[in-house]
Amino acid sequence: MDDLKLYSPKVIKDILAKYGFNFSKSLGQNFLIDGNIINKIVDVADIDENTGVIEIGPGFGTLTQGLCNKAKKVVSIEIDKSLQVIHKETLNYDNIKIIYEDFMKIDVEKLIEEEFQGMEVKLVANLPYYITTPIIMKILEEKIKISKIVVMVQKEVAERLGAKPNTKEYGAITLAVQYRANTNIAMIVPSTVFMPRPKVDSAVITLDILKQPRIKVEDEKMLFSVVKASFGQRRKTLLNSLSNILKCPKEQINEVLQNVNISPSVRGETLSLDEFGKIADELVKIEYTKQ
Ligand code: SAM
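The rules behind the values
Sequence order as written defines residue numbering, which begins from 1 separately in each chain. Local features are withheld for residues below a pLDDT of 70 in this predicted model, meaning they are given only at 70 or higher, and side-chain atom pairs are given and counted only at 80 or more; totals for whole chains, interfaces and linings count all residues. Note: side-chain values were computed over all heavy atoms of the structure, leaving out hydrogens and water. We call a residue buried when its accessible area falls under 20% of the maximum for its residue type, exposed when it is over 50%, and partly exposed in between, using a 1.4 Å probe and counting protein chains only. Secondary structure follows DSSP: runs of H or I at least 4 residues long count as helices, runs of E at least 2 residues long count as strands, and numbering of each begins at the N terminus. Call a crossover right-handed when, viewed with both strands pointing away from you, the route from the first strand across the helix to the second goes clockwise. By this definition, two strands are paired if DSSP reports at least two bridges between them. Contacts are assigned to residue pairs with any non-hydrogen atoms lying within 4.5 Å of each other. Any pair of N or O atoms that falls within 3.5 Å is considered a polar contact. Within protein, one atom must be able to donate a hydrogen and the other to accept it, and sequence-neighbouring residues count only if both atoms are side-chain atoms. Definition of nearness: a residue and a molecule or strand are near each other if at least one heavy atom of the residue lies within 4 Å of the molecule or strand. Classification of ring pairs rests on two measures: the distance between centres of Phe, Tyr or Trp rings, Trp counted by its six-membered ring, which must be within 6.5 Å, and the angle between planes, read as stacked under 30 degrees, edge-to-face over 60 and tilted in between. Residues grouped as a nonpolar core are buried Ala, Val, Leu, Ile, Met, Phe, Trp, Tyr and Cys residues, joined through side-chain atoms within 4.5 Å. Annotation comment: domain bounds sourced from an automatic or database domain assignment. Note on geometry: axes are lines fitted to C-alpha atoms, helical ones only across the stretch in contact, with angles between N-to-C directions running from 0 to 180 degrees. Crossing handedness is read from the near helix: turned anticlockwise from the far helix by less than a right angle, it gives a left-handed crossing, and turned clockwise, a right-handed one.

Novice: Describe the pairing of strand β6 (residues 148-154), listing the residues and the values that go with them.
Specialist: Within β6, seven of the seven residues are buried, which leaves it mostly tucked inside the rest of the structure. With helix α6 (residues 132-141) bridging strand β5 (residues 120-126) and the parallel β6, this β-α-β connection has right-handed handedness. As paired elements, β6 and strand β9 (residues 202-209) share seven bridges and run antiparallel to each other. Bridged to Val153 within β9 is Ala203.

Structural data, given as structure tokens:
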């Protein structure tokens, strides 16, 4: 079967008319209209006949086609059920499964176990921008067996991933990525390659998941809680943020910070991954009591 050229603005317009489909701004529906960018994403993902791919948000199926042509199996997760009838025409492959569900509600560990036995699993997507950071955090927080993530994100999110402490770009996502992966910006993508055109430029980023996280901690969940709490209220001191958000008495947080030689008056954005790891381990040690 010859693939429908779903990146062609004419084909897109035909589909819009035929199915009466309207782009939903609130679902981040900015579809790719450049075949070269799609090929580049598929190339960067380095997919072969043993690879299983999870895709978030197939839209009409532009990128999905490229993935289906290379991978052993593709599971695409799409929140917009009105695309189902379109997929019947555009995604006629025998190695695809489409799940019509909010990705944030998917148990990815279970999905991998059920759908990708014996395969190397990668995640590839042109992400919906209203929910980019929560999606990336979800993937990095869950202990899922994937080797690589290749996603299109807003350029400013891409810049946050490799940010240094004491910059405004440095945040919880920077640390989550540093903990779990090596990251790289594969290309900057102008807004002109999307329909409708978003306001900002984009970037394709790769996250190569490390075999072992970059630092060893007693309790990963605690590490993520501490990191998120520290950036939840950026203007507050570490002592106040941790105490407020973790619901832990200030005296206990003070003791923890003292034990790891970190001043309670600093802000979270000054700390390194190592330091967050030490705070998390210390909190586990004292078995802090929630207020
Ligand atoms: N992959 C297509 C492309 O590149 O042209 C569409 C990408 S578009 C930026 C994002 C897609 O994600 C849309 O199809 C949208 O409906 C879908 N989406 C939005 N929120 C979602 C969610 N929470 N879970 C799954 N899919 C979602």
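What follows picks up the thread again.
Novice: With reference to specific residues and values, describe helix α2 (residues 35-45).
Specialist: Where α2 is concerned, the buried positions are Gly35, Ile37, Ile38, Ile41, Val42, Val44 and Ala45. Each element contacted by the buried residues of α2 is listed here: β1 (31-32), α3 (62-70), β5, β6, β7 (181-189) and β9. The N-terminus of α2 is capped by Asp34, whose side-chain oxygen sits 2.8 Å from the backbone nitrogen of Asn36.

Novice: Please give an account of the site of the ligand that cites residues and values.
Specialist: Neighbouring the ligand are 23 residues; Leu32, Gly57, Glu78, Asp102 and Tyr130 lie closest to it. Within the backbone of Gly57, an N or O atom sits 2.8 Å from a nitrogen atom of the ligand. The contact in question runs from an oxygen atom of the ligand to an N or O atom on the backbone of Gly59, over 3.2 Å. For the shell around the ligand, the secondary structure elements donating two or more residues are β1, β2 (51-56) and β3 (73-78).

Novice: So what's going on with the packing of aromatic side chains? Which residues, and what values?
Specialist: For the structure shown, the criterion picks out nine aromatic pairs. Judged by centre distance (5.3 Å) and plane angle (65°), the rings of Phe21 and Phe60 are edge-to-face. Remark: Phe60 occurs in the loop between β2 and α3 and Phe21 occurs in the loop between α1 (9-19) and β1; sequence separation between them is 39 residues. For Phe21, a relative accessible area of 7% translates into the label buried. Judged by relative accessible area, Phe60 falls into the buried class, the value being 1%. Ring centres 5.9 Å apart and planes at 40° place the aromatic pair Phe231 and Phe276 in the tilted group.

Novice: Could you give an account of the nonpolar core, with specific residues and numbers?
Specialist: Nonpolar side chains in soluble globular proteins tend to end up buried together. Among the nonpolar cores identified, the biggest contains 67 residues, and Ile54, Leu123, Val226, Leu242 and Ile279 are the most heavily contacted of them. Here this core gets seven residues from one element, more than from any other, and that element is helix α9 (residues 220-232). Residue assignment places this core across two domains, with domain 1 (9-209) and domain 2 (220-286) each supplying three or more. If we skip the residues at most four places from it in the chain, Ile54 touches Val75, Ile77, Val108, Leu111, Ile112, Phe116, Val121, Lys122, Leu123 and Val124. Formed by 26 residues, the second largest nonpolar core is a distinct cluster that contains Ile38, Ile41, Val42 and Val150.

Novice: Residue-level account of the packing of α9 against helix α10 (residues 238-246), with values.
Specialist: With their axes 8 Å apart at the nearest point, α9 and α10 run at an angle of 115° to one another. Crossing handedness for the pair α9 and α10: right-handed. Counting all contacts with α9, which are made through Ser225, Val226, Ala229, Ser230 and Gly232, the residues of α10 involved are Leu238, Ser241, Leu242, Ile245 and Leu246.

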